[in-house]
Amino acid sequence: MVPPAEPGLVAVEAAEGTAVLLLEPRQALTFTGKCRLRCLYGAVRLLGFAVASHHPGLPVFSPATHCALSLEALPGARPPAAALRQLRAAARAAMRSHRVRRPARVKVMARFSPDCAVVLLEHLDTPVTRFLLSHPPLSRLFEPQKKEEPNFRPEDAVLASVGIVKCSPDCGLLVSESMCLALEELIQACCAEDEGIPVVLVCGPKNTGKSTFNRYLINLLLNHLPVVEYMECDIGQTEFTPPGCVSLSSVTEPVLGPPFTHQQMPSKMVYYGQTSCEQDTERYLDVVKYVFSYYKKEVPLVINTMGWVKGEGLLLLIDIIRLLSPSHIVQMDMCDWKAMPPLTPEHIHFSAGLHTKGKQQSKCKQLGVGSMESWQYPEGEDVSAPQHKLLYVHPEFPRAGVAGEARVHSGILRDMSILGYLGQLQSPDIGAVLPLHSLVPYQVPFNAVALRVIHTDVAPSNIMYAVNASWVGLCCIPEEVRCQTEGPVLLTQTPVCDCLGFGIVRGVDMEKKLYHILTPVPPVNLRLVNCLLLGNISIPNCVLVGQQGIEGEIPYVTSDYNYSIMGSGKLRKKKQHLKRRQFPFECDYT
């Protein structure tokens, strides 16, 4: 549990849009908002990552849609009394070098102690956050959901000037005892490497804190290691990519915000095209196997899995564990184990999966295509020996493990990740947000790329209607795309291939046979793209409805539609998922 902030919090305005903060040992500040953080003296901890004076300024994001971050001063070794003068001089010099005004320096030094921490907070404005905040449903994204006690103090105004609001410590991350024990054991295993390079698989039902645990674990590991590998197998709630992807990322910087703040290009990514794999678990396992084959086993790997752990979802998880052979499994669940049984090595060994059989199973479930030989244990391996170390984590935060009680609906979080990705299209210069329809798209000839709709069958005569105004994966297939005509080139099967990024097909020119695609993927990577994959991931409604500067009917949006047609239906507003919150963070228009 994060220690409560002491009454004597020192926060002083250092310059316009900048504040200097002094924290006593173990003193903490829990906050909502965004800022750039730099430690000038001592050390502080933020979501597990220890920030010291040698670190550069770090962007920090604590939106109201997620658990509030807490900044805690780390105690250091108490220096001898003779060194006090040098330490005071060092702290004063650090503030001078960052142009902290003299009155602020005087106030900070009046409360200075050798084992305190001095932190510089700067106002933070990024293209991604500007783009997200430009959409009305998200305009209050970094404001607290509920107002705190009315006793407004001077330091609150100082913190507000840099873009953060102090909130109750109860809003911060609640680290349970079981979580502490699991983290300690994992850090020890990853640093010692006594039994090889650890592969940590994190599993559990929805709303048990898997994503937060992963960020905390990654940040703790980065205190000791230069890089940590992260494999995303949860296609519904991805960390570093837009939804619908299985990916492998090399993480070198601390993760100090939710997914929409750190969208990046992984070292390997496949676009599955849906937020659930229930319709095609075989292809999902093929994709997981393909991505995992690029893990070099040189640094620790953290694997995130889906919250689908009931029925066939649990059987699929058993298949994944057999396929990836983790050294450690972190199982997050409530103490009663109602959601899923303990995934002990014996349970994994003897239980049948969805596509694999346990040791005592007489017959394996048959696949529709091919066999699962490559997914079974290697020949000669002693499968009777325990294959992994099981660590239990019991979340203790409010509403943990209760379906439908998440802080924000998962669909809205997916929309925010897509918006975070599209925010990369904005100019890095601070200025007005550019509407997406004002940006110049790339022109791609029909016959230069193959095309495939992943999630459903579409008649060739209707394929362009499906592609227009759609979210597409920009992929690279090994086969050369050849077409005798002007196209389009249609694939008959969905390939398992590299995805280099994403784009919006903002128009289709049937006369010139061109796709107009808007994407932040750099040209050097676009030259490798020869396949467009269209999945069941849609452009957030607020992007289409909130187009600025449009006169008359909004493109791609119509109210003149016959809803009695078979298969049609209105967009469903997610009110039922938001009624418990005072602030609806709803990126959805009807």
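All figures in this text were calculated on a predicted structure; none of them were measured in a lab.

(A) Region of the structure containing the pairing of strand β1 (residues 10-15). Of all six residues making up β1, five are buried, and the element is well covered by its neighbours. Two elements, β1 and strand β2 (residues 18-23), share five bridges in a ladder whose sense is antiparallel. For E13, the partnering residue across the bridge sits in β2 and is A19. Here β1 hands over to β2 after two residues, with G17 in that stretch at a positive phi of 75 degrees.

(B) Quick peek at the sheet that holds strand β13 (residues 268-271). Pairing is mixed in the open sheet, where seven strands are placed in the order β13-β12-β11-β14-β10-β15-β16. A single partner strand is all that each edge strand has here, and the edge strands are β13 and β16 (389-393). In this sheet, neighbouring strand axes are inclined to one another by 15 degrees on average, regardless of whether the strands run parallel or antiparallel. In terms of strand pairing, strand β10 (residues 199-203) meets strand β15 (residues 328-332) through four bridges, oriented parallel. Pairing of V202 across the sheet is with V330, part of β15. Taken strand by strand, helix α8 (residues 312-324) contacts β10, β14 (301-304) and β15, and its axis lies near 175 degrees from that of β10.

(C) Layout of helix α6 (residues 210-222). Compared with the 18 Å implied by 1.5 Å per residue over 13 residues, the 18 Å span of α6 between its first and last C-alpha is a close match. With eleven of 13 residues buried, α6 is to be regarded as a mostly interior element. Of all the positions in α6, only K210, F213, N214, R215, Y216, L217, I218, N219, L220, L221 and L222 are classed as buried.

(D) Focus on the sheet that holds strand β22 (residues 514-518). Judged by pairing direction, the sheet is mixed, and its seven strands sit side by side in the order β17-β22-β21-β19-β23-β18-β20 without closing on themselves. Each of the sheet's edge strands pairs with one partner strand only, and the pair in question is β17 (442-445) and β20 (489-490).

(E) Quick look at the packing of aromatic side chains. For the structure shown, the criterion picks out twelve aromatic pairs. Ring geometry for F292 against Y295: centres 6.0 Å apart, planes inclined by 35 degrees, an arrangement best described as tilted. Members of the aromatic cluster, joined through ring pairs, are Y271, Y421, W471 and F502. Here K34 stacks its cationic end above the ring of F142, 5.9 Å away from the centre of that ring. K268 extends its terminal NZ or CZ atom over the ring of Y294, reaching a point 3.8 Å from the ring centre.

(F) Representation of the confidence of the model for the protein within the structure. Predicted confidence across the protein gives a mean pLDDT of 86, with 84% of residues reaching 70 or more. Across residues 1-6 the pLDDT falls below 50, and counting only partners more than four positions away or on other chains, this stretch makes 18 contacts in the model. Here residues 361-386 scores under 50 on pLDDT; set against residues more than four positions off or in separate chains, the count is 37 contacts.

Cut-offs applied
Residues numbered from 1 in each chain as written. Predicted model: local features only at pLDDT ≥ 70, side-chain atom pairs only at ≥ 80, totals over all residues. Heavy atoms only, no water. Buried < 20%, exposed > 50% of the residue type's maximum accessible area, 1.4 Å probe, protein only. Helix = DSSP H or I, 4+ residues; strand = E, 2+ residues; numbered from the N terminus. Pairing = 2+ DSSP bridges. Axes fitted to C-alpha atoms, helices over the stretch in contact; angles between N-to-C directions. Contact = heavy atoms within 4.5 Å. Expected span 1.5 Å × (residues − 1). Phe/Tyr/Trp six-rings, centres within 6.5 Å; stacked < 30°, edge-to-face > 60°. Lys NZ or Arg CZ within 6 Å of the ring centre and 35° of its normal. pLDDT = per-residue confidence, 0-100.

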